[in-house]
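This is what each chain is made of:
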Amino acid sequence: MKKFLSAFFALLITALTFSFSSVSASALAKKSDIEALRGTKLYVYNWGEYISDGEDDTLDVNAAFTEKYGIQVVYDTFDNNETMYSKLKSGGVSYDVVFPSDYMIERMISEGLLEKIDFSNVPNFSYIPEKYRNLSYDPTNEYSVPYTVSYVGLIYNSKMVYEKPDSWAALWDENYTNDILMFDNPRDAFAIAQSLLGMDYNMESETAWRTAAALLKEQKTVSPGYVNDEIFLKMESGEAALGPYYVGDFLTMKENNEDLEFVYPKEGVNYFLDCACILKGTKNKLAAELYLNFLNEPEVAQANAEYICYGSPNEAVYTNEDYEYYQNELLYPEEGAFKTQIFRNLSPETLALMSTLWDDVKNYIPSNGSYRYVFFGDDTSPLATKEDLSGDATKYGICIGVFLLICLAYIIFRFARKRYRENI
Amino acid sequence: MNKRTNLRAKLISSPYIVWSVLFIVAPLIFVVYYAFTDNTGAFSLLSIQALPKYIPTFLRSIWFGIVATIICLIIAYPLAYIISKKTDKVQRTMILLVMLPMWMSFLIRTYSWMAILQDTGIINSFLMKIGLPPVHMINTGGAVILGMVYNFLPYMIMPIYSVMAKMDLSMIEACQDLGGNGLTVVRRCILPLSMPGIVSGITMVFVPSVSTFYISQKLGGGSFDLIGDVIERQFQQSYNYNLGAAISLVLMVLILASMAVMNHFSEEGEMVI
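Residues numbered from 1 in each chain as written. Chains lettered and ligands numbered in written order. Predicted model: local features only at pLDDT ≥ 70, side-chain atom pairs only at ≥ 80, totals over all residues.

## Some points on the overall build of chain B
When you go through chain B residue by residue, the secondary structure sums to 13 helices and 0 strands. A principal-axis box enclosing the C-alpha atoms of chain B has dimensions of 80 × 70 × 30 Å. (Helix = DSSP H or I, 4+ residues; strand = E, 2+ residues; numbered from the N terminus.)

## Quick word on the interface of chain B and chain A
Each side of the interface is counted separately: chain B has 27 residues, and chain A has 38 residues. It is helix 12 (residues 227-236) of chain B that provides the largest number of residues to the side of chain B that touches chain A, a total of 3 residues. Split into classes, the residues belonging to the side of chain B that touches chain A amount to 10 nonpolar, 15 polar and 2 charged. (Contact = placed C-beta atoms within 7 Å. Nonpolar A, V, L, I, M, F, W, Y, C, P; charged D, E, K, R; others polar.)

## Observations regarding the environment of Ser 223 of chain A
Among the secondary structure elements, Ser 223 of chain A is positioned in the loop between helix 6 (206-218) and strand 7 (225-227). Considered as a pair, Ser 223 of chain A and Phe 99 of chain A are 124 residues apart in the sequence and their alpha carbons are 33 Å apart.

## Concerning the packing of helix 5 (residues 106-117) of chain B against helix 7 (residues 141-165) of chain B
Residue and element names in this part refer to chain B. Two elements in contact, helix 5 and helix 7, have axes separated by 11 Å at closest approach and are oriented at 140°. It follows that helix 5 is oblique to helix 7 by the angle criterion. Regarding helix 5 and helix 7, the two cross each other, and that crossing is right-handed. Packed against helix 5, whose contacting residues are Phe 106, Arg 109, Thr 110, Trp 113 and Leu 117, the element helix 7 presents Ala 143, Gly 147, Tyr 150 and Asn 151 at the interface. The residue makeup of the contact of helix 5 with helix 7, split by class, is 5 nonpolar, 3 polar and 1 charged. (Axes fitted to C-alpha atoms, helices over the stretch in contact; angles between N-to-C directions. Parallel < 35°, antiparallel > 145°, perpendicular 65-115°, else oblique. Left-handed = near helix turned anticlockwise from the far one by under 90°.)

## Here's the deal with the nonpolar core
Counting 101 residues, the largest nonpolar core has Leu 42, Val 97, Ile 180, Leu 242, Ala 276 and Tyr 291 of chain A as its most contacted members. There are two domains that each give this core at least three residues, and those are domain 1 (32-148 + 272-318) and domain 2 (150-271 + 342-373) of chain A. For Ile 180 of chain A, the contacting residues outside a window of four places in its chain are Leu 171, Val 222, Pro 224, Ala 240, Ala 241, Leu 242 and Gly 243 of chain A. Leu 146, Met 148, Ile 160 and Val 205 of chain B belong to the second largest nonpolar core, which has 51 residues in total. (Core = buried A, V, L, I, M, F, W, Y, C linked by C-beta atoms within 7 Å. Buried ≥ 20, exposed ≤ 12 C-beta atoms within 10 Å, placed from the backbone. Domains from an automatic or database assignment.)

## Some words on the pairing of strand 8 (residues 242-246) of chain A
All names here are of chain A. Along strand 8, 5 of the 5 residues are buried, which leaves the element largely enclosed by surrounding structure. Two strands pair when backbone bridges link them, and strand 5 (residues 144-157) and strand 8 are joined in this way by 5 bridges, in the antiparallel orientation. Residue pairing for strand 8: Tyr 156 is matched across the bridge by Leu 242. (Pairing = 2+ DSSP bridges.)

## Things to note about the pairing of strand 1 (residues 41-47) of chain A
Residues and elements named next belong to chain A. With 6 of 7 residues buried, strand 1 lies mostly within the body of the structure. One ladder, built from 7 bridges, connects strand 1 with strand 2 (residues 72-78); its direction is parallel. In the strand pairing of strand 2, Leu 42 is matched with Val 73. A crossover links strand 1 with its parallel partner strand 2, the connecting element being helix 2 (residues 61-69), and its sense is right-handed. (Right-handed = clockwise from strand over helix to strand, strands pointing away.)

## What about helix 3 (residues 81-89) of chain A?
Buried residues of helix 3 of chain A: Asn 81, Glu 82, Met 84, Tyr 85 and Leu 88 of chain A, and no others. End-on view of helix 3 of chain A: buried residues confined to an arc of 160°, all on one side of the axis. (Arc of directions from axis to C-beta.)

## Observations concerning the domain arrangement of chain A
Residues and elements named next belong to chain A. For chain A, the assigned domains read domain 1 (32-148 + 272-318) and domain 2 (150-271 + 342-373). The C-alpha-based centres of domain 1 and domain 2 are spaced at 29 Å. Counting residues at the interface gives 15 residues for domain 1 and 13 residues for domain 2. With 5 residues, helix 4 (residues 102-110) is the largest single contributor of residues to the side of domain 1 that touches domain 2. By residue class, the composition of the side of domain 1 that touches domain 2 is 6 nonpolar, 5 polar and 4 charged.

## Structural notes on the confidence of the model for chain B
When pLDDT is averaged along chain B, the result is 88; 96% of the residues meet or exceed 70. If you check the scores for this complex, the pTM reads 0.81 and the ipTM reads 0.83. (pLDDT = per-residue confidence, 0-100.)

## Observations regarding the packing of helix 3 (residues 55-84) of chain B against helix 7 of chain B
Residues and elements named next belong to chain B. Where helix 3 contacts helix 7, the two axes come as close as 7 Å, and the packing angle between them is 40°. As summarised for this structure, helix 3 and helix 7 are arranged oblique, according to the angle between their axes. Judged by the twist between their axes, the crossing of helix 3 over helix 7 is right-handed. Residues belonging to the contact of helix 3 with helix 7 are distributed by class as follows: 25 nonpolar, 2 polar and no charged.

If you want it as structure tokens, here you go:
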């Protein structure tokens, strides 16, 4: 019996030591794994202006990451999901971490471009609340860690509109001819038309897409400027009265032009998340996971949220009273205050249809405005100070006349000087 | 002996041959390959069949290219003549001034034209300051043509100038001695002599004007496409390399055809001499 007991204890002890040693061994191995990453490189592909970079005394996130882990971050930027996708698909680049939006994540998962994340290496994922997890594009949340959440809305210049817009229809309003901006990418532009028509953003019906395209063609009678990032310049300088864009960027514009206002149109808007993902074929997966974890450290996430001005899905940030946009009603609107829809991946056929329809929209020239495309148009905006037309003509006449007189005087002067010199 | 010089010539030229095969011939083969396949790589005429819908865009691009080229020629020809008649020192300075904007990025220069032309831009704020109503210039065809002329004018001035600078003055004098008045001298002597410069100037302006995409996006506000925009979008956004390649192929054929026509003119010009 004694023997049995001692044997039992011996077994127990060995088992215990074994289990203990195995636990500590794995933790140790992990630490040494992390140590072993010193001097390696991590290739990150993110949106432009989408990380706190140390400008104006902000936190330089990439430098801080390098300092902490000794891993060098090689950082590149893209300006839209499609460019990023084309570049990854065409090969020749190898990144470890990318930041696609929701529908693009779904597409990349379905094409096997993303690597599953080992969430045990991303403990800070616990800061992401339930409402930002397991969303439609990644239902089991194995591939993505949310980075920003935001909405599309309508930006307008309060000094240039005759009434507060509350509908996407304002972008079709002929009173704002030449003063309207529009998205220069098909998905966002179609979403606005689809909102107006009360359609689903992710519909697969060809006739429905054609109806939306017809509406976008109709918009060309007000000569919208199709823009991407130039919207910053155009809205801030008062060049345009209305334009749809992302709420986070509106906050940046507002800092430069106090007259700008923002509204969530009643027909509904696009709600989107950009997430950090790891690419398949990464050569530095653990470093990539450390990076994702680092981005969700509360102070890092807050620095990013304040720099980018987009909403943060990180609970430690948006519940922090010191956070610059704490309870900002534009970035964190009440749930259900307006209709939102999220983009899903479309079938290849619908994507191809959308591309050709978008080509049609861009190439369409409305019959009433065709002269504008060859000559300098007139300013039909009712908001510009406009006087009697004949008065304008006289003014221009006088100006041109004065200019011609100056030229004539100069020629006569040259001629006279020449004669004078010849006489000498 | 002859064989050895041959071999040497071959050795010297081999890097250039490798270069042009790698970076000129191979991409051309890729363009043709993509134009006649679908996204699975199988032979397909789908992309070619999709082309007719882009005919208006092609026509618009060609029209814009022609207008820009003509304006460039009208500005550049007298200017090149004037420069070539100055003293060496003045010539050098003026050519430097022509070249100077090209030291800056083409993208930045076009972007700054946006700030100059827009409704609240430099020109319009000046007009409003002196009490004139603003003129809407940005996002019109005129603005795009202005951008093309501004960006490609040096390519017209330089070849015409270099021909004019080398022109044999005794020819012009002979023309005058034979009783030609000013107009006859220009028409029968200077113009034919400078024809090679004009031809290469026209090609160097027309080709980039037709295929440009950045200018129309920034100065035209993206409200109407030129063919370069369509191609760029197929590669960047739609991920439709096949259609993009098919349009590029047609564009290349069009440009080759127009260059052949131009070369025909230049040969005639030489015959006049």
